[in-house]
Structures are given as C-alpha cells and as structure tokens.
Amino acid sequence: MAYWPTVIVATPAHSQLSHALSYACDQELAPGTLVRVPLGKRDTLGVVSSCGTELPANVQAVNVKPISEVLDGLSPLNAEWLQLMRFAAKYYQRGVGEVALAALPPELRKLDPTQLARRLKRNAKAAGEAHHGEATDAAEQVEDTSREHKHASSSSDTNATALEASPEQAHALAHIEATTQPILLFGATGSGKTEVYLQTAAKLLASSPNAQVLILVPEINLTPQLESRFSSRFAAYGVVSLHSGLTPAQRLQNWLSAHLGAARIVLGTRMAVFASMPHLRLIVVDEEHDPSYKSQEGARYSARDLAVYRSHAIAGCRVLLGSATPSLETWHATETGRYQRLAMPSRIGGAALPKLRLVDMGKQPKQTVIAPALLDAIAERAQRGEQSLLLLNRRGYAPVLSCGDCGWKSQCPHCSAHRVFHKIDRSLRCHHCGLHERVPHACPDCGNVDIQTVGRGTEQLEELLADKLAKHLRADGHALRVARLDADTTRHKGELTTQLAAMHAGEVDVLVGTQMVAKGHDFRGITLVAAINPDGALFASDFRAPERLFALLMQAAGRAGRDAVKMAQLTAQGNNGAELWVQTWHPTHPLFAALAKHDFAGFTTTELVEREAAMLPPFASQALLRADAKSQAAAQTFLNQARDAANAVAEEMGVGIYPAVPLTIARVANVERAQMLVECANRATLQKFLAQWHTTLHELRATPAGKAIIRWAIDVDPLAI
Ligand code: ADP
Ligand code: ZN
Ligand code: ZN
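Residues numbered from 1 in each chain as written. Chains lettered and ligands numbered in written order. Predicted model: local features only at pLDDT ≥ 70, side-chain atom pairs only at ≥ 80, totals over all residues. Heavy atoms only, no water.

**Looking at the overall build of the chain**
In terms of helices and strands, the chain carries 21 helices and 29 strands. The C-alpha radius of gyration computed for the chain amounts to 27 Å, which stays within 12% of the reference 27 Å derived for 721 residues, consistent with globular compactness. Based on the C-alpha atoms only, the size of the chain along its principal axes is roughly 85 × 65 × 50 Å. Out of the 721 residues belonging to the chain, those deemed buried represent 55%. A total accessible area of about 30700 Å² is found for the chain, and carbon and sulfur atoms account for 53% of it. Across the chain, the 73 positively charged side chains and the 70 negatively charged ones have centroids separated by 2 Å. (Helix = DSSP H or I, 4+ residues; strand = E, 2+ residues; numbered from the N terminus. Rg over C-alpha atoms; globule rule 2.2 N^0.38 Å. Buried < 20%, exposed > 50% of the residue type's maximum accessible area, 1.4 Å probe, protein only. Areas by Shrake-Rupley, 256 points an atom, 1.4 Å probe, with all protein chains shown as cover. Lys, Arg positive; Asp, Glu negative; His and termini not counted. Charge placed at Lys NZ, Arg CZ, Asp CG, Glu CD.)

This is the structure:
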C-alpha cells in the first residue's frame, strides 16, 4: 500500500516553496517521525507532518519522490512539539521548516539510520550509568572546571537536599501548587527565587516517574552557580544543559537524553525552549525580563513568550517566570489577571536592600570620573575586606579617538560608528563589524601626533581606579586589587569562570565591569555597587530605555549586601550597610526617587500609565519590517513600496505603518539598514495583517525595488525600536 506523507523541510527563509512537501512511502509514518528526503539535488532531514493513504488533491503522483530513509530508531517528536513549531513559525512570520529544523541539533542532519542507532545505544548506556549515581552530562561539565568551579559556587549552597523554606518562600510554594495559571515570582534580589524553582521542580519530579522540567536562563556561562545547584540537587534525575556553547556532539547527546526522557531536567538558554521533552510538566524562566530571551536573527522569537504558550498547550504543564524586575509586559499580565503575581519582597536572612547614594556630577570638581566621596567609600570598604562593584556599560579604553587640530575621529570605514580604542594592545576596534587595526601614531588626516581619547570605557576605569587606590592597603597589608570583567577579559574559554571564582574567593577588592557583572550572581562579599555613568539611558529615544535602566540599577544593587549575617556584623560595628551609588547629572530625575525606595511597583505603574497614554506595548502590538541594502535609499525604497502596497488594507484593519527610517547604527560592515514600524492596538489583527503582508513582500522581492535589497525580515514584538 502506498502512503503519502507530507514532510516539513527547511527551505530558504523566504522561499516561495511550501515548508511541508509531499513524498511517497510504503509504510505509514507517524507525525513527528524524522526522515531523510530528497530536496533539490540533495537529501535533507525532515519531520513528518502528516501521513495519509491519499495523495493531496493539488499534487500529482509523477512529481512525488519517495522518502530516502526513515530514522525509525528514534521515537517521533510528539504532537505538542509540532504544535509549538507551527505556532512559532506563524507568530514570528517564518517558515515552519526553518523553525523546526533550527530547533533540532545540527548533528542530527548528518546521521544516517545506522549512525543514529549507534548514537542511541551509547546514549542509553550513559543514561544507565547516570542512574547509578554517575555524573550526568551537566555535572560532568561542572567537574571539568572542577577546582575553579567549586570555588565559584562555594559561596552558595550546593546542598543535595532542600533548604528549609523561608516564610515567603513557603507562601509562594503553596500558591504555586494551588494554581494552574502562569506565575510571576516577583522576588527581590536575594529573596531566594532559585530555591523556589528547585522545590517546585522537586515536587513535580517526584509526582510522576516521567515528569520533566525545563529551566531557562538568560546566559548559562554567567550563572555557573545556578547550574551547579540544579546538578547537585537533582543528580539522580539526570540534568542536561542546552546552549550554544556546547560542541555539536554534546548538544546532540543532551537533546537525545531529553527527547528520550532519560534527562528529566533541561537547563538551557533561549534555544532550549524548543527542546523535545515528551513529559514536560514545568517551565521556569529565570530573570524573565532579560532581553537575551529574544532572538535577534532568523526567527526572532521570544523564548519567554513561547514558554508561556508551550505550557498552555500541554495539559498539566506549569510555567513560572521569575524576576526582581519583571518586564512591563509580564507585570501588565499580572495586573489584568492573566498571570498570578507572587511577591517575595524580603531578602533571605533579612538583609536590607542597598541604600541609594546619588552623586550630583554637577557639583564635582571638573573632569571628575569617580567622585572623591565614592573613591573614599570604596577604599574604606576594601580596607575592611569588603568588595565593591563598579558598573560602566562600555568596554574598551575610550569610545573615540579624536584629533584636536583637524577634527579627525576614529570612525569605522565600514560602519556608522566610531572604532573603540583598546589600550591593552593599542588597537582601534569596531564593535560592530570587528575591524581591528593598530592605533595610528599620528592623525591620519593631518599628521598631528597628539591624538586624544574622548570618553571612557571599562579598561580606562580599571586603570584609573588602580592608580587612585594604589596608596591604600588592606588590613592584611596587601595592596588593593582591582579587576575587570567584560567581553574582552572573558573572551577565552575558562576566563569567565576563573574571574568569577577570584571574586567569590575574595581575591578581588574592586571589580569593574559592563552589565555582565550585574546579572544574577550570588556574590557574598560585595557591599557597595556603583553605576559610574548611567545617564545616557535617561533620555534615550527607545521607549524601553527607562525600564531597562531601572532594571539594570536594581539588579546591580541586588549584588550588594546579600550576606545577612555579615551585614548585621558590619552595622553592629557602626559601619555603613550595603549601598548603591549612582553618579548622575540629573539627580532629581523621578526614576531615582523610585530607585531610592526600591519601588519597582511604583516605577512600573507610572511607566504603564505613560505607555497606555501613548498606546505603546503592552497596550499595543508592534512589529518591524527591516531591510538591508547596499544603500540607505534602496533599503528605504523597498520599505516604502511595501507600505504603499499595504496602506489601504492597513487602514481598513486599523494598523498603523510609520515611515521608513535608518537604524540607529545605520551601516554595519558596509550594509545599510532601515526599518519600518507597524503598530496595532490588537495583537490578533496585527497577526492577520502581517500574514497578508508577507505574501505582498514575497511579490515585491521580484520587482526592481525588491531586487535592490540584500534581505528583509519581520521582527514581531521587537525589543529595540
Ligand atoms: P535570588 O535569585 O532571588 O536573587 P538566590 O536564589 O540566589 O536569590 O538566593 C540568595 C541566597 O540565599 C543564596 O545564597 C541561597 O543559597 C540562599 N537561600 C535561599 N533560600 C534559602 C533558605 N530557605 N534558607 C537559607 N538560605 C537560602
Ligand atoms: Zn588631525
Ligand atoms: Zn565597523
């Protein structure tokens, strides 16, 4: 008997070709079965979408090719997984084949049935060993960085058993058990959110022999602590990680473990939201506000939003979003009753949140980089053995080099951005296209040898601090140690772990860094955090800038004063408690008043009122149409034609289309980038409009205006406008 399966295959992003093609087969194939099928001249991996005994009406048998191979050693992907792929593709305006195939480990594309069978056998063996108490995959990785890593996590618990819940944790846990709605765990920094995740997960894992739990984190490398806490607590259940730092072989192995149910806990970054977990019962999204949950390429999906969708679509699956500074979207959902909000306002052990100290930069001596009072406070604390953290969101030594004689600036020849001066190797580097050159000895335009740096980055701040603090000694007689943590100092494998470990071990007195240092870390020795120059975000054009800044400052503050016992000792000795210092030219800005009170709810309520008045998200839905071209005119022409073609429909549907504009950094690597904002009060209407527009855009691509661009893409629910 002949069967005619339709198979989901990855075709180029905007191909006219359907993403589910008809093939022929002599056996019935369950939806979700992995197959290899001919596509063009080659064989490619595909996923069976459906399989019938009748050929679809619009297809002719002569045009249908047989399936090449069935990977029947592997159980099919389940209906829920297929549904997630279809939804993600539809919502984010991409092909289902592109989304589905990107969600599978790339290594899977290379294996024939024999190789796959071998793999599966090996995996089953490893899983068997794991059940005998051997290290699971994630735990193994932890052991590979073992000495340093233990260091890194020594400060926090790696308890194999649950901690006794605080009253707020107990309250949250009871509520989580009693509700099926999505939950926002709105827990202050240091309130013990992780323990709530752990105990919620433990309950679900114990409740059924198969139950699986998915934990999403923004960046896995930044939080080795979290990983080791999960691995040690749940070693017996099999913990695997899924993120882009794994080798292709590891990724395949971990993916298979989750798919086969051998791993009951998956800890991963945004891509892990697509993991095949047939018995998924809980999804945790840690630091749900973090922008890294939104993909910026390919299908521009939000892993947080997909996590909520995914849990909805599975009977009995829960979703738990956690943050001290939730996104306005999530907060709004708790206000309207779509999500439940559970608050844990207190820190574990009762430690106070840091006190805000605003430094009015208008009242400091000329050219002040670090206010004298702040320097004194840092020195004083370091002498007592307390650590400080300085935040400056700009890496390198200076963002621009400039010639005072002729006005030359270190412009990147390929981008509309300046090249940044890195003193360590005397280079000028473009942070957008990567162009890397030695600093010129003299001005390339006029020959002036006295080229000046303009502005400051972390590298310079580190140098400056080391210089200013050189005269101070610690109680043990050692000089104060200043270190830096940013993308430059953590480029090589292992560097980040080593640096975090040194910080945890108290080998660093003052740590300078970019926002990387503000994220999630459970540093126990920090008592002072300072934001050196956060003003830029106060008046930025992006409507989300204040939300981001507030979250960043609260998260940064959250790294200070986490050790309640230590803080109590300090204050008993008459020393200052934990502090957040903010250097600003605008000390009366209302954002700081809310920050001083740690009033996230108040700040957010005000922001939401403004968003509603302006009809901005979460009160409206947005999408961006983006186009890249060799010239800005070509990119904008394409966008404007796309608008003209849709104007009438848009008007009828109540969809607003704004004029095309260049991106803030318009040119990167000689490609000009433009975008156009599309907005509608109703999400479903916007979706409907976008689906129609998609067809128009395909057609437009074949016209001269369409041929003049390099690529186009739609970004649904964009995070940066
Ligand atoms: P958050 O993620 O909310 O900022 P963490 O989960 O990192 O906070 O917890 C802060 C610290 O408190 C960690 O060192 C953790 O081990 C500790 N902790 C959490 N819950 C408890 C508890 N119930 N008893 C004792 N210590 C706890
Ligand atoms: Zn010059
Ligand atoms: Zn460049």
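What follows continues from the structure just given.
**Structural notes on the pattern of salt bridges**
If the charged atoms of two oppositely charged side chains come close together, the side chains can form a pair. For the structure on display, the rule yields 38 salt bridges. Asp488 is the partner of Arg395 in a salt bridge, and the nearest nitrogen-oxygen pair spans 2.9 Å. Here the residue Arg395 occupies a position in the loop between β15 (387-391) and β16 (400-403), and Asp488 occupies one in the loop between β21 (482-485) and α14 (495-504), the gap between them amounting to 93 residues. For Arg524, the salt bridge is made with Asp522, and the minimal N-O distance between the two is 2.9 Å. Connected via shared salt-bridge partners are Arg357, Glu380, Arg381, Arg384, Glu386 and Glu579. (Salt bridge = Lys/Arg side-chain N within 4 Å of Asp/Glu carboxyl O.)

**Digging into the environment of Ala518**
Relative to the assigned elements, Ala518 resides in the loop between β22 (510-513) and β23 (526-531). Relative accessible area serves as the criterion here: at 2%, Ala518 is assigned to the buried category. As for Ala518 and Leu553, which are separated by 35 residues in sequence, their C-alpha atoms are 8.2 Å apart. The contact partners of Ala518, leaving out residues within four places of it in the chain, are Leu391, Leu552, Gln555, Ala556 and Arg559. (Contact = heavy atoms within 4.5 Å.)

**Focus: the coordination of the zinc ion (ligand 2)**
Protein coordination at the zinc ion (ligand 2): the donors are Cys403 (SG), Cys406 (SG), Cys443 (SG) and Cys446 (SG), at 2.3 to 2.4 Å from the metal. Viewed at the metal, the four donor atoms of the zinc ion (ligand 2) are separated by angles of 104 to 113°, and the geometry they form is tetrahedral. Within one chain, the residues donating to the zinc ion (ligand 2) are spaced in sequence as C-x2-C-x36-C-x2-C. Here Cys446 lies in the loop between β19 (436-438) and β20 (451-454) and Cys406 lies in the loop between β16 and β17 (420-422), a separation of 40 residues in the sequence. Among the residues examined, Cys406 registers a relative accessible area of 41% and is labelled partly exposed. (Donors = N, O, S within 2.8 Å, 3.2 Å for Na, K, Ca; no water. Tetrahedral: all angles 85-135°; square planar, octahedral: opposite > 155°, others 65-115°.)

**As for the domain arrangement of the chain**
Looking at the chain, the domain boundaries give domain 1 (6-104), domain 2 (115-348), domain 3 (351-395 + 457-612), domain 4 (400-454) and domain 5 (621-716). Taking only C-alpha atoms into account, the centre of domain 3 sits 29 Å from that of domain 4. With five residues of domain 3 in contact, the opposing surface of domain 4 contributes seven residues. Both faces considered, domain 3 and domain 4 share a buried interface measuring about 520 Å² in area, 32% of it formed by carbon and sulfur atoms. (Domains from an automatic or database assignment. Buried area = accessible area lost by both parts, 1.4 Å probe.)

**Quick word on the pairing of β16**
The two faces of β16 match: Val400 and Ser402 on one face and Leu401 and Cys403 on the other face are all buried. Pairing geometry for β16 and β20, over four bridges, is antiparallel. Looking at β20, one finds that Cys403 is bridged to Ile451. (Pairing = 2+ DSSP bridges.)

**Some details on the site of ligand 1**
Taken together, 19 residues lie around ligand 1, and Glu164, Gln169, Gly190, Lys193 and Asp522 are the ones closest in. Take Gly190: an N or O atom from its main chain is 2.7 Å from an oxygen atom of ligand 1. A distance of 2.9 Å separates an oxygen atom of ligand 1 from a polar side-chain atom of Lys193. Against a free-state accessible area of 560 Å², the protein chains account for coverage of 85% of ligand 1. Counting residues per element, the shell around ligand 1 draws most heavily on helix α7 (residues 193-207), which supplies three residues. Here the residues of the shell around ligand 1 sort into four nonpolar, seven polar and eight charged. (Near = heavy atom within 4 Å. Polar contact = N/O pair within 3.5 Å; in protein donor to acceptor, adjacent residues only side chain to side chain. Nonpolar A, V, L, I, M, F, W, Y, C, P; charged D, E, K, R; others polar.)

**Some thoughts on the coordination of the zinc ion (ligand 3)**
In the first shell of the zinc ion (ligand 3), the protein supplies Cys412 (SG), Cys415 (SG), Cys430 (SG) and Cys433 (SG), at 2.2 to 2.3 Å from the metal. Metal-centred angles of 107 to 112° between the four donor atoms at the zinc ion (ligand 3) mark the site as tetrahedral. Read N to C, the donor residues that coordinate the zinc ion (ligand 3) are spaced as C-x2-C-x14-C-x2-C. In this pair, Cys412 sits in the loop between β16 and β17 while Cys433 sits in the loop between β18 (427-429) and β19, placing the two residues 21 residues apart along the sequence.

**Considering the packing of aromatic side chains**
Within the structure shown, the criterion is met by 13 aromatic pairs. Centroid distance Phe186 to Phe600: 5.7 Å. Interplanar angle 45°. Geometry classified as tilted. Remark: Phe600 occurs in helix α18 (residues 600-613) and Phe186 occurs in strand β7 (residues 183-187); sequence separation between them is 414 residues. Across the pair, exposure class does not vary: Phe186 and Phe600 are buried alike. Directly above the aromatic system of Trp331 lies the positively charged group of Arg341, at a separation of 3.8 Å from the ring centroid. (Phe/Tyr/Trp six-rings, centres within 6.5 Å; stacked < 30°, edge-to-face > 60°. Lys NZ or Arg CZ within 6 Å of the ring centre and 35° of its normal.)

**Observations regarding the sheet that holds strand β4 (residues 42-52)**
Paired through their backbone hydrogen bonds, the strands of a sheet run either parallel or antiparallel. Strand order across the open sheet formed by six strands is β5-β2-β1-β4-β3-β6, with mixed pairing between neighbours. Because the sheet does not close on itself, it has two edges, and the strands there are β5 (65-66) and β6 (69-70). Looking at chain direction, strand β2 (residues 20-24) and β5 are connected through two bridges and run parallel. Bridge assignment links Ala24 to a residue of β5, and that residue is Pro66. Across the sheet, helix α2 (residues 96-103) is in contact with β1 (4-9) and β4; its angle to β1 comes to roughly 75°. (Axes fitted to C-alpha atoms, helices over the stretch in contact; angles between N-to-C directions.)

**Regarding the environment of Arg701**
Tracing the backbone shows Arg701 in helix α20 (residues 683-701). Judged by its relative accessible area of 29%, Arg701 falls in the partly exposed class. For Arg701 and Ala642, which are 59 residues apart along the polypeptide, the C-alpha to C-alpha distance reads 9.7 Å. When near neighbours in sequence (up to four residues on either side) are disregarded, Arg701 contacts Phe638, Gly706, Lys707, Ile709, Ile710, Arg711 and Trp712. From its side chain, Arg701 meets the backbone oxygen of Ile710 in a polar contact 3.0 Å long.

**Concerning unusual backbone geometry**
Following Pro617, the chain continues into Pro618 via a peptide bond in cis, with omega recorded as 5°. Tracing the backbone shows Pro618 in the loop between α18 and β25 (621-629). In the Ramachandran plot, Gln367 falls in the positive-phi region, its phi being about 65° despite a non-glycine side chain. Turning to its location among the elements, Gln367 is positioned in the loop between β14 (355-360) and α12 (372-383). Phi at Arg426 takes a positive value of approximately 45°, unusual for a residue other than glycine.

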